[in-house]
Amino acid sequence: MMQILFLGVGEACDPDHGNTSVLLTTGAGASLLLDCGFTAAHRFFAACSDPDRLDAVWISHCHGDHYFGIPLLILRFREMGRRRPLALVGQAGLEEIVRSLMEMAYPGFMVKLGFALQFHETGPEQTLSLAGLRWRTAPTLHSRPNLGLLLDDGSCRLYYSGDGRPGDRVAGLVRDCDLAIHEAFRLEDEVAGHGSIAGCRRLKAGARIRRLALVHLERRVRRKQRQEIGRILDQDPDLFLPEDGDTVSVP
Ligand SMILES: [Zn+2]
Ligand SMILES: [Zn+2]
């Protein structure tokens, strides 16, 4: 059993939606933040007032709408008196990137946090165990190296795409999963390096994904093609378009 809160469902420049970011709570009580872009830290603290509640943060890739919220997250945990270590999980080089990001945002703060940062660096098609979950990754097709992440608690499986079009290795990873939260930038595959609603439908059918949440829609597509998107969603009750603040349980 997993509980999902969509802190944001938007792309980088969407003024009406927060950057795509998901707060996940497992049946065993672990708490994970999936991506932490420009807007995500404020949304996180609006939803969670306990400084020690969050166990880990996953960063899918290094675009600002997926990781530039980290300095604010760390700053506010420090201000709130966090004591528990915080795991930061992402691709090789994450520790160096986070340390330099913090040094640019709040110079000198990293030495007086009051809590430890535990970095876990991974790569494509790697497996690790953390917070009572098995974490497995696959590369997507994006303009920056991006890892899709499959989280498995032994009874249910959640996939979070980050950005990018799914390739064959994603299709293998997500087979039979309970919920996929997938980036879809346009209706069709017009933009290289981004997913689409059509591509998500193909992935869902081919990999027998039970439910799929479409996130990170290009802001003008979300607005101008709403009716067309509505018609597509009407054809499949297990394909949905969450809004900021929506929650869903898995399975
Ligand atoms: Zn993005
Ligand atoms: Zn990106």
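Anything mentioned here points back to the structure above.
Residues numbered from 1 in each chain as written. Chains lettered and ligands numbered in written order. Predicted model: local features only at pLDDT ≥ 70, side-chain atom pairs only at ≥ 80, totals over all residues. Heavy atoms only, no water.

When you go through the protein residue by residue, the secondary structure sums to eight helices and 14 strands. Taken over the C-alpha trace, the protein has a radius of gyration of 17 Å; the compact-globule value for 251 residues is 18 Å, and the two agree within 12%. For the protein, with 251 residues in total, the buried portion stands at 56%. Taking contacts inside the protein between residues at least 6 apart in sequence as the whole, the part at least 24 apart equals 63%. (Helix = DSSP H or I, 4+ residues; strand = E, 2+ residues; numbered from the N terminus. Rg over C-alpha atoms; globule rule 2.2 N^0.38 Å. Buried < 20%, exposed > 50% of the residue type's maximum accessible area, 1.4 Å probe, protein only. Contact = heavy atoms within 4.5 Å.)

Looking now at the coordination of the zinc ion (ligand 1). Those protein atoms acting as donors to the zinc ion (ligand 1) are Asp65 (OD), His66 (NE2), Asp163 (OD) and His216 (NE2), and they sit at 2.1 to 2.3 Å. Around the zinc ion (ligand 1), the four donor atoms are arranged such that angles at the metal cover 88 to 162 degrees; this shape is classified as irregular. Considered as a linear motif, the donors of the zinc ion (ligand 1) on their single chain read D-H-x96-D-x52-H. Between the zinc ion (ligand 1) and the zinc ion (ligand 2), both coordinated by aspartate 163, there is a metal-metal distance of 3.7 Å. You can see aspartate 65 sitting in helix H2 (residues 64–67) and its partner aspartate 163 sitting in the loop between strand S10 (157–160) and helix H5 (168–173), a full 98 residues away along the chain. By relative accessible area, aspartate 65 is classed as buried at 6%. Classification of aspartate 163 as buried rests on a relative accessible area of 2%. (Donors = N, O, S within 2.8 Å, 3.2 Å for Na, K, Ca; no water. Tetrahedral: all angles 85-135°; square planar, octahedral: opposite > 155°, others 65-115°.)

Within the protein, His61 (NE2), His63 (ND1), His142 (NE2) and Asp163 (OD) serve as the donor atoms for the zinc ion (ligand 2), at 2.2 to 2.3 Å. Coordination geometry of the zinc ion (ligand 2): the four donor atoms subtend angles of 94 to 162 degrees at the metal centre, consistent with an arrangement described as irregular.

Going through the model one piece at a time under the given rule, you end up with eight aromatic pairs. Judged by centre distance (5.3 Å) and plane angle (75 degrees), the ring pair of phenylalanine 45 and phenylalanine 77 falls under edge-to-face. Note that phenylalanine 45 is positioned in helix H1 (residues 40–47) and phenylalanine 77 in helix H3 (residues 70–80), a separation of 32 residues in sequence. Neither phenylalanine 45 nor phenylalanine 77 differs from the other in exposure class; each is buried. Arginine 82 extends its terminal NZ or CZ atom over the ring of phenylalanine 77, reaching a point 4.8 Å from the ring centre. The cationic tip of lysine 112 hangs over the ring face of phenylalanine 109; the distance from NZ or CZ to the ring centre is 5.0 Å. (Phe/Tyr/Trp six-rings, centres within 6.5 Å; stacked < 30°, edge-to-face > 60°. Lys NZ or Arg CZ within 6 Å of the ring centre and 35° of its normal.)

This part covers the pairing of strand S9 (residues 147–152). The buried fraction of S9 is high, at six of six residues. A two-sided burial pattern is seen for S9, the buried positions comprising Leu147, Leu149 and Leu151 on one face and Gly148, Leu150 and Asp152 on the other. As paired strands, strand S8 (residues 133–139) and S9 are joined by six bridges and run antiparallel to one another. By the bridge assignment for S9, arginine 134 is matched with aspartate 152. Note that S9 and S10 share four bridges and pair antiparallel. What sits directly across from leucine 151, in S10, is leucine 158. The hairpin turn running from S9 into S10, its antiparallel successor, is four residues long, and glycine 154 in that turn takes a positive phi close to 100 degrees. (Pairing = 2+ DSSP bridges.)

Taken together, seven strands build an open sheet; the order of strands is S7-S8-S9-S10-S11-S12-S13 and the sheet is mixed. In this open sheet, the two strands that pair with only one neighbour each are strand S7 (127–130) and strand S13 (239–240). Where helix H6 (residues 197–206) meets the sheet, its contacts fall on strand S11 (179–183), strand S12 (211–215) and S13, and the angle it forms with S12 comes to roughly 165 degrees. (Axes fitted to C-alpha atoms, helices over the stretch in contact; angles between N-to-C directions.)

What follows is about the sheet that holds strand S1 (residues 2–8). Strand order in this open sheet of seven strands is S6-S5-S4-S3-S2-S1-S14, and the pairing throughout is mixed. At either end of the open sheet lies a strand with only one pairing partner, and these are strand S6 (117–122) and strand S14 (247–250). Sheet twist, expressed as the mean angle between neighbouring strand axes with direction ignored, is 20 degrees. Summarising the sheet, S1 and strand S2 (residues 21–26) pair through six bridges and their orientation is antiparallel. For glutamine 3, the partnering residue across the bridge sits in S2 and is threonine 25. Where helix H4 (residues 94–105) meets the sheet, it contacts strand S5 (86–91) and S6, and its direction lies at approximately 135 degrees from that of S6.

None of this, on its own, says anything about what the molecule does.
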